[in-house]
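Single-letter residue listing:
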Protein chains: 2
Amino acid sequence: MLDTVKKFPEQAEESLKLKLDFEFEGIKNVAVAGMGGSAISGDILKHFSKIPFFVLRDYEIPPFIDENTLFIAISYSGNTEETLTCFEKAIKKCKTLAITSGGKLSEMAENKIIIPSGMQPRAAIAYLLFPLAKLLSKMNVLSQINIEEAIYLIKSNRNQIEKVAEKIAHEIEGIPIIYGHGFASAIARRWHQQLNENAKMPSFSFCLPECNHNELEAWERKLGNFTCIFLRNRNEDGRIKKRFDFMKKIYKEKAKVVEVFSVGKNDFSRAVSLLYTGDLVSIYKSIIDNIDAEPVNLISKLKEELSQHSRSSSQGFPSERVRSSH
Amino acid sequence: MLDTVKKFPEQAEESLKLKLDFEFEGIKNVAVAGMGGSAISGDILKHFSKIPFFVLRDYEIPPFIDENTLFIAISYSGNTEETLTCFEKAIKKCKTLAITSGGKLSEMAENKIIIPSGMQPRAAIAYLLFPLAKLLSKMNVLSQINIEEAIYLIKSNRNQIEKVAEKIAHEIEGIPIIYGHGFASAIARRWHQQLNENAKMPSFSFCLPECNHNELEAWERKLGNFTCIFLRNRNEDGRIKKRFDFMKKIYKEKAKVVEVFSVGKNDFSRAVSLLYTGDLVSIYKSIIDNIDAEPVNLISKLKEELSQHSRSSSQGFPSERVRSSH
């Protein structure tokens with residue numbers, strides 16, 4: 001999986017060749033529905049939106065989305081239960097777009113961006129992020145997105161980023177907690193999810209300044225063995241800098257603290273550089289711990305149980321009988 | 001602090017006596033700005049909103065809020081830096097309301113709900129939640145909020161809730177992770193934040209079904225000592241029930257699993273019952289661990305450092321000199 005993740009810059013370039021000739025008129029807000037690795041591009045892009053932008057991670061859609069909403073369903077497999085359920089509801093009331101490699105979503109969707117299949121969804125992030133960033137920028141939904149700069153940046157700094165990522169992976173002791181502010185909040189979430197899925201380990205994330213109002217108090221005691229990873233930016237707001245500096249002083253009495261600084265001239269590039277770093281960290285960590293990053297056995301097992309259940313149920317089996325038959 | 005938290009039902013009743021004679025016309029969306037314990041009522045109410053509802057936890061306000069936005073600043077002290085910064089910006093473009101016990105926010109705000117002072121902000125949740133729930137319901141922003149039923153419920157079940165909370169507090173081993181779905185996502189967050197602030201311990205929270213797409217894989221290994229607390233509802237969606245049941249089976253191989261079922265006839269009451277339970281759990285846990293729940297020394301220290309810095313800066317000291325003087 002390391003090889004796939006290392007191809008992120010090339011995948012990004014490839015992804016920009018996808019056709020994006022959609023015409024959506026009168027869009028007043030955007031809703032992105034997706035789960036896990038398919039939703040994270042929504043989280044990242046939301047930060048750059050000039051109009052209301054909702055990321056949905058459940059079976060329900062909010063009551064207020066309507067014909068002025070661009071509803072974007074993202075499911076790498078095209079068969080994610082929650083996303084399909086939302087899409088079925090949204091298609092009746094919103095303008096819709098699907099981003100998928102196939103599956104039922106591809107069958108259902110009229111407007112769609114079809115991306116290459118055969119990857120782990122979380123390793124397809126370039127295809128899930130850049131075409132959407134390009135489309136929404138062209139539609140004037142997003143501002144300050146410079147995709148070319150972001151790709152140039154990760155291509156020209158790839159050796160450096162790989163080196164940093166490998167170093168961080170070696171530095172992780174115990175359970176990693178990731179901290180970010182602003183655009184890096186979504187990236188902190190991505191890091192912890194990648195560590196969950198690739199390194200099969202607990203990991204958590206928090207946003208500044210919110211975590212200074214509660215999580216900070218957890219550090220009055222030393223319970224557990226943690227590595228705190230701060231996602232930082234050289235041009236960060238002075239108040240955020242002060243907060244990180246204070247946290248460093250306090251946290252390092254009870255845990256290991258690792259700081260990573262983004263590279264890039266604008267926030268989108270910085271986000272992409274930290275995203276790429278985190279994806280690599282999770283893979284290097286799996287290698288260090290002798291874990292196969294690729295299979296997600298528990299997630300697959302759950303999906304199987306859920307789909308068996310819904311198939312059996314639709315054949316009219318009473319649910320108790322179905323449960324005992326597994 | 002146990003006594004204050006136990007008075008939650010009475011505080012709820014008291015809070016409904018506050019005057020709410022505001023007239024806001026033409027509201028198309030709501031933005032609640034607040035941090036920590038002052039923001040959580042926004043998270044809870046968002047679930048019941050018929051119009052777009054944003055919870056802001058930073059110094060920035062989104063570009064799209066305008067004269068059709070009801071901007072609600074919640075700061076118990078009235079001096080929260082982030083909330084004041086947002087309020088200053090919002091007052092120029094939105095309809096505004098403040099909920100506070102005093103401070104600068106009270107001075108700045110024209111429309112305000114003034115609540116009793118002298119509590120820890122996180123113990124004032126009744127005053128931060130119920131008046132706003134009442135006002136926004138009257139304005140037809142929220143639906144399916146039955147405040148009287150919620151209060152009746154926690155009053156008539158208080159002994160039972162206290163008993164359950166004390167039992168859970170005794171069951172917690174290692175680090176508690178709280179899981180919730182739908183309206184209980186905000187409550188799961190509240191639990192972990194209360195455990196941080198009152199029991200001074202690490203705690204984390206996740207939402208279903210999202211956590212089934214990443215966090216689930218953390219359970220391939222046993223790293224760390226956790227108690228997983230599931231916030232459940234007897235009428236939960238069948239798909240969510242299946243997910244919780246699957247999680248229980250997997251998680252209990254590597255951790256302790258504790259389930260709490262809400263009481264109540266509607267989602268708002270269920271949310272309130274779980275909220276009250278969690279607040280009590282965090283206090284009981286502090287008592288068991290011989291921790292003084294009341295002071296939040298690290299949070300106070302950070303606030304002090306930040307305010308000294310901003311005072312000094314405004315007197316024109318170069319920031320490097322200021323830093324070395326502390």
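Residues numbered from 1 in each chain as written. Chains lettered and ligands numbered in written order. Predicted model: local features only at pLDDT ≥ 70, side-chain atom pairs only at ≥ 80, totals over all residues. Heavy atoms only, no water.

## Some thoughts on the overall build of chain A
The helix and strand inventory of chain A stands at 13 helices and nine strands. Whereas a compact globule of 326 residues would reach a radius of gyration of roughly 20 Å, chain A reaches 20 Å, a difference of no more than 12%. For the C-alpha atoms alone, the extent of chain A along its principal axes is close to 60 × 50 × 40 Å. Across the 326 residues that make up chain A, the buried fraction comes to 61%. A separation threshold of at least 6 residues defines the contact pool for chain A, and within that pool the share at least 24 residues apart is 76%. Of the roughly 12,700 Å² of accessible surface on chain A, a fraction of 48% belongs to carbon and sulfur atoms. (Helix = DSSP H or I, 4+ residues; strand = E, 2+ residues; numbered from the N terminus. Rg over C-alpha atoms; globule rule 2.2 N^0.38 Å. Buried < 20%, exposed > 50% of the residue type's maximum accessible area, 1.4 Å probe, protein only. Contact = heavy atoms within 4.5 Å. Areas by Shrake-Rupley, 256 points an atom, 1.4 Å probe, with all protein chains shown as cover.)

## Things to note about the pattern of salt bridges
In total, this model carries 46 salt bridges over all chains according to the counting rule given. Residues Glu82(A) and Arg243(B) are paired through a salt bridge, measuring 3.2 Å at the closest nitrogen-oxygen approach. Of this pair, Glu82(A) sits in helix 4 (residues 81–90) while Arg243(B) is found in helix 10 (residues 238–251), placing the two residues in two different chains. Pair check on accessibility: Glu82(A) and Arg243(B) agree, each one buried. With a closest N to O distance of 3.6 Å, Glu197(A) and Arg122(A) form a salt bridge. With a gap of 75 residues between them, Glu197(A) in helix 9 (residues 183–199) and Arg122(A) in the loop between strand 5 (112–114) and helix 6 (125–138) connect regions that are remote in the sequence. One exposure class covers both Glu197(A) and Arg122(A), and it is buried. One salt-bridge network, in which partners are shared between bridges, spans Arg232(A), Glu236(A), Lys241(A), Asp245(A), Lys248(A) and Glu259(A). (Salt bridge = Lys/Arg side-chain N within 4 Å of Asp/Glu carboxyl O.)

## Re the interface of chain A and chain B
In this assembly, 70 residues from chain A lie in contact with 71 residues from chain B. Overall, the association of chain A and chain B removes approximately 6,200 Å² of surface from exposure, summing both partners, and the carbon and sulfur fraction of that is 63%. Between the two partners, chain A and chain B, sit 10 salt bridges. Across the salt bridge formed by Arg243(A) and Glu81(B), the nearest N and O atoms sit 3.3 Å from each other. In this assembly, chain A and chain B are joined by 32 residue pairs in polar contact (both at pLDDT 80 or more). Secondary structure elements with two or more residues in the side of chain A that touches chain B: helix 4, strand 6 (175–181), helix 9, strand 7 (204–208), helix 10 (238–251) and helix 12 (297–314) of chain A. For the side of chain A that touches chain B, the class distribution of residues is 30 nonpolar, 16 polar and 24 charged. (Buried area = accessible area lost by both parts, 1.4 Å probe. Polar contact = N/O pair within 3.5 Å; in protein donor to acceptor, adjacent residues only side chain to side chain. Nonpolar A, V, L, I, M, F, W, Y, C, P; charged D, E, K, R; others polar.)

## A closer look at the relation of the copies chain A and chain B
Least-squares fitting of chain A to chain B yields an RMSD of 0.0 Å, with the transformation described by 0.0 Å of translation along the axis and a rotation of 180 degrees. Taken together, the rotation and translation describe the operation of a two-fold axis. Comparing interface residues between copies, 100% of those in chain A also sit at the interface in chain B, which points to an isologous, same-surface contact. (Least-squares fit on C-alpha atoms with pLDDT ≥ 70 in both.)

## Here we look at unusual backbone geometry
All names here are of chain A. Looking along the chain, the bond that leaves leucine 208 and enters proline 209 is cis, with omega of -5 degrees. Mapping proline 209 onto the fold places it in the loop between strand 7 and strand 8 (226–232). With a phi close to 60 degrees, asparagine 290 is a non-glycine residue in the positive phi region. Within the secondary structure layout, asparagine 290 lies in the loop between helix 11 (267–288) and helix 12.

## Observations regarding the sheet that holds strand 5 of chain A
All names here are of chain A. Taking strand neighbours across the sheet as the criterion, the five strands line up as 2-1-3-4-5 in an open arrangement whose pairing is parallel. Both edges of this open sheet fall to strand 2 (53–56) and strand 5, since each of them pairs with a single strand only. Averaged over all neighbouring strand pairs, the angle between strand axes comes to 15 degrees, with direction disregarded. Taken together, the four bridges between strand 1 (residues 29–33) and strand 2 define a ladder with parallel strand orientation. Bridge pairing in strand 2 places valine 32 opposite valine 55. In this fold helix 4 packs onto strand 1, strand 3 (69–75) and strand 4 (95–100), with an angle of close to 155 degrees to the strand it touches most, strand 3. Where helix 6 meets the sheet, it contacts strand 2, strand 3, strand 4 and strand 5, and its direction lies at approximately 165 degrees from that of strand 3. (Pairing = 2+ DSSP bridges. Axes fitted to C-alpha atoms, helices over the stretch in contact; angles between N-to-C directions.)

## Considerations on the environment of Ile175(B)
Mapped onto the elements of the fold, Ile175(B) is located in strand 6 (residues 175–181). With residues near it in sequence (within four places) discarded, Ile175(B) still touches Leu223(A), Gly224(A), Phe226(A), Pro202(B), Ser203(B), Phe204(B), Asn225(B), Phe226(B) and Thr227(B).

## With respect to the sheet that holds strand 5 (residues 112–114) of chain B
Residues and elements named next belong to chain B. Ordered by their spatial adjacency, five strands build an open sheet running 2-1-3-4-5, and the pairing between neighbours is parallel. Of all the strands in the sheet, the pair left with one neighbour each is strand 2 (53–56) and strand 5. Pairwise comparison of adjacent strand axes, ignoring direction, gives a mean angle of 15 degrees for this sheet. The pairing of strand 4 (residues 95–100) with strand 5 spans three bridges and is classified as parallel. Considered in strand 5, the bridge of alanine 98 is made with lysine 112. With respect to the sheet, helix 4 (residues 81–90) is in contact with strand 1 (29–33), strand 3 (69–75) and strand 4, its orientation differing from that of strand 3 by roughly 155 degrees. Helix 6 (residues 125–138) contacts strand 2, strand 3, strand 4 and strand 5 of the sheet and is inclined by roughly 165 degrees relative to strand 3.

## Some details on the pairing of strand 8 (residues 226–232) of chain B
All names here are of chain B. Extensive coverage of strand 8 is indicated by the burial of seven of its seven residues. Of the two faces of strand 8, the one carrying Phe226, Cys228, Phe230 and Arg232 and the one carrying Thr227, Ile229 and Leu231 are both buried. Sheet topology places strand 6 next to strand 8; five bridges connect them, and they run parallel. Each bridged residue has a counterpart across the sheet, and for isoleucine 178 the counterpart in strand 8 is isoleucine 229. When strand 8 meets strand 9 (residues 256–261), the two strands line up parallel, connected through six bridges. By the bridge assignment for strand 9, cysteine 228 is matched with valine 257. Between the parallel elements strand 8 and strand 9, the chain passes through helix 10 in a crossover that is right-handed. (Right-handed = clockwise from strand over helix to strand, strands pointing away.)

## Section: the packing of aromatic side chains
All names here are of chain A. Inspection of every chain in the model, using the stated rule, returns 34 aromatic pairs over all chains. Consider the rings of tyrosine 179 and phenylalanine 230, whose centres lie 5.5 Å apart with planes at 85 degrees: the pair is edge-to-face. Note that tyrosine 179 is positioned in strand 6 and phenylalanine 230 in strand 8, a separation of 51 residues in sequence. By the burial criterion, tyrosine 179 is buried, and phenylalanine 230 matches it. (Phe/Tyr/Trp six-rings, centres within 6.5 Å; stacked < 30°, edge-to-face > 60°.)

## Some details on empty space enclosed by the protein
Under the definition given, this model contains six cavities of 30 Å³ or more. Lining the largest cavity are 15 residues, and of these Ile177(A), Ala218(A), Trp219(A), Phe226(A) and Pro202(B) sit closest to its centre. Looking at the lining of the largest cavity residue by residue, the class counts come to eight nonpolar, three polar and four charged. (1 Å grid on protein atoms, 1.4 Å probe; cavity = no way out; pocket = protein on both sides within 12 Å on 5 of 7 lines; lining within 4 Å. Points joined across faces, edges and corners; volume = space filled by probe spheres on them.)

## A word on the side chain of Thr227(A)
Residue and element names in this part refer to chain A. Of note, threonine 227 is situated in strand 8. Judged by its relative accessible area of 0%, threonine 227 falls in the buried class. Polar side-chain contacts of threonine 227 include one of 2.7 Å to the backbone oxygen of glutamate 173. Not counting residues within four places of it along the chain, the set of residues in contact with threonine 227 comprises Glu171, Ile172, Glu173, Ile175, Pro176, Ile177, Lys256 and Val258.

That's the geometry; what it means functionally is another story.
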